[in-house]
Amino acid sequence: MKYSPSLDEQKKIGEYFSNLDNLITLHQRKCDETKTLKKYMLQKMFPQNGAKVPEIRFPGFTDDWEQRKFSDFTWNAGKRNKDDLDLEPYAITNEHGFIRQSEAHDDFGYMKDTDRKAYNIVMPNSFAYNPARINVGSIGYYEGTENVIVSSLYEVFQTADYVDDRFLWHWFKSDEFPRWIERLQEGSVRLYFYYDKLCECQMLMPSVPEQQKIAKSLDELDNLITLHQRKCDELKEVKKYMLQNMFPTKG
């Protein structure tokens, strides 16, 4: 038997779901627009095509950016967990960077049965990446307060004091870094980008205060993207729940 409410109730239910759909669409549009804005700002806030300065700068900064080699301001910070310390194992995903290995996709299941002495220790404020998947964005920055461990397949490095790590993080997400990867990665069947290749990369870098200004601006865009995406996901869950509970079930 098919149950049907009165026409007035049908209209109320339809109006409710239309409002939910409109909110979902609004937040998704805002999320997409902010992603487009960030992509634009990444192009405009880093020098392009041989220029020494970017097109968009904050007031008070006029000096040329300086060319820096990664071999000068990074060092290999990965060390084996030879003492078998009981540290939390992490994995790195393309979308979210560092996540607990227990929460990672099954593709990382191999880590469960690996001897932890073979893992690399990652200290707070370290970068790490998968040299076989860096070309698709598999890089993370660890901001925790306790040491953790990652697969020995990962490269781990830290930076000098005159580099703002958030600034560098956004550079990794710009169009410039993928060009270096494409130019320097090596291999036959599968391509790799090990730390020694990263050391060959170069980038233009401003003073630390300007780095911090740029990083803060781009972080704010990331926060907006996260906010709208979270609201969109929450509203989708609400709609799913209401669809299950605003209509009669069998029996």
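Refer to the preceding data block for the structure.
The structure contained in this document is the topic of the report that follows.

Cut-offs used in this document
Residues numbered from 1 in each chain as written. Predicted model: local features only at pLDDT ≥ 70, side-chain atom pairs only at ≥ 80, totals over all residues. Heavy atoms only, no water. Disulfide = S-S within 2.5 Å. Buried < 20%, exposed > 50% of the residue type's maximum accessible area, 1.4 Å probe, protein only. Patch = residues over 30% accessible without salt bridge, like charges linked within 9 Å, V, L, I, M, F, W, Y side chains within 5 Å. Areas by Shrake-Rupley, 256 points an atom, 1.4 Å probe, with all protein chains shown as cover. Salt bridge = Lys/Arg side-chain N within 4 Å of Asp/Glu carboxyl O. Helix = DSSP H or I, 4+ residues; strand = E, 2+ residues; numbered from the N terminus. Phe/Tyr/Trp six-rings, centres within 6.5 Å; stacked < 30°, edge-to-face > 60°. Lys NZ or Arg CZ within 6 Å of the ring centre and 35° of its normal. Pairing = 2+ DSSP bridges. Axes fitted to C-alpha atoms, helices over the stretch in contact; angles between N-to-C directions. Parallel < 35°, antiparallel > 145°, perpendicular 65-115°, else oblique. Left-handed = near helix turned anticlockwise from the far one by under 90°. Nonpolar A, V, L, I, M, F, W, Y, C, P; charged D, E, K, R; others polar.

1. A short note on the state of the cysteines
Phase 1: Applying the stated criterion across every chain, the model contains zero disulfides.
Phase 2: Of all cysteine sulfurs, the one in cysteine 201 lies closest to cysteine 199, which takes part in no disulfide; the gap is 8.6 Å.
Phase 3: According to the relative accessible area criterion, cysteine 199 is buried, its value standing at 18%.
Phase 4: Cysteine cysteine 232 remains unbridged, with the sulfur of cysteine 31 as its closest cysteine sulfur at 7.3 Å.

2. Points about a nonpolar patch on the surface
Phase 1: Taken together, the side chains of Leu37, Tyr40 and Ile56 present a nonpolar region at the surface, about 250 Å² in accessible area.
Phase 2: Tracing the backbone shows tyrosine 40 in helix H1 (residues 7-44).
Phase 3: With relative accessibility at 42%, the residue tyrosine 40 sits in the partly exposed group.

3. Thoughts on the packing of aromatic side chains
Phase 1: Applying the stated criterion across every chain yields a total of 23 aromatic pairs.
Phase 2: Relative to tryptophan 65, the ring of phenylalanine 46 has its centre 6.3 Å away and its plane inclined at 85°; by these criteria the two rings are edge-to-face. Remark: tryptophan 65 occurs in the loop between H1 and strand E1 (66-69) and phenylalanine 46 occurs in the loop between H1 and E1; sequence separation between them is 19 residues. Summarising the burial analysis for this pair, phenylalanine 46 and tryptophan 65 share the class buried.
Phase 3: Through a chain of ring-to-ring contacts, the aromatic side chains of Phe70, Phe73, Phe127, Tyr129, Tyr141, Phe157, Trp171, Phe172, Phe177, Phe193 and Tyr195 assemble into a single cluster.
Phase 4: Seen from the ring of tryptophan 180, arginine 183 lies directly overhead, with NZ or CZ sitting 4.3 Å from the centre.
Phase 5: Between lysine 213 and the ring centre of phenylalanine 58, over which it is positioned, the NZ or CZ distance is 5.9 Å.

4. Some points on the sheet that holds strand E3 (residues 79-80)
Strands belonging to one sheet form pairs held by backbone hydrogen bonds; the direction of such a pair is parallel or antiparallel.
Phase 1: Across the sheet, which stays open at both edges, the three strands sit in the order E3-E6-E9 with antiparallel pairing between neighbours. Every other strand in the sheet has two partners, leaving E3 and strand E9 (148-150) as the edge strands with one partner each.
Phase 2: As paired elements, strand E6 (residues 120-122) and E9 share three bridges and run antiparallel to each other. Pairing of asparagine 120 across the sheet is with valine 150, part of E9.

5. Some points on the pairing of strand E7 (residues 126-129)
Phase 1: Every second residue of E7 is oriented toward a common face, with Ser126 and Ala128 on one face and Phe127 and Tyr129 on the other, all of them buried.
Phase 2: Relative to strand E8 (residues 139-142), E7 runs antiparallel, the two being bridged by four bridges. In the strand pairing of E8, alanine 128 is matched with glycine 140.
Phase 3: Here E7 pairs with strand E10 (residues 155-159) via three bridges, running antiparallel. Considered in E10, the bridge of phenylalanine 127 is made with phenylalanine 157.

6. Considering the sheet that holds E7
Phase 1: The sheet built from four strands is open, its strands ordered E2-E10-E7-E8 with antiparallel pairing. Bordering the open sheet on either side are strand E2 (74-76) and E8, each of which pairs with just one other strand. Going from strand to strand, the sheet's axes swing by 30° on average, the running direction of each strand aside.

7. Comments concerning the packing of H1 against helix H6 (residues 208-245)
Phase 1: Two elements in contact, H1 and H6, have axes separated by 9 Å at closest approach and are oriented at 160°. Of the possible angle classes, the one that applies to H1 and H6 is roughly antiparallel. Here the hand of the crossing between H1 and H6 comes out left-handed.
Phase 2: Of the residues in the contact of H1 with H6, the class split is 18 nonpolar, five polar and eight charged.

8. A few points about the pattern of salt bridges
Phase 1: Per the stated rule, a full pass over the model turns up 11 salt bridges.
Phase 2: A salt bridge links aspartate 219 to arginine 166; the shortest N-O distance between them is 2.8 Å. Taken together, the residues aspartate 219 in helix H6 and arginine 166 in helix H3 (residues 165-172) connect sequence positions 53 residues apart.
Phase 3: Glutamate 186 serves as the salt-bridge partner of lysine 197, at 3.7 Å between the closest nitrogen and oxygen. Of the two residues, lysine 197 sits in helix H5 (residues 195-198) while glutamate 186 sits in the loop between helix H4 (176-184) and H5, which places them 11 residues apart along the sequence.
Phase 4: For lysine 197, a relative accessible area of 15% puts it in the buried group.
Phase 5: Residues joined by salt bridges that share partners form a network here, namely Glu186, Lys197 and Glu200.

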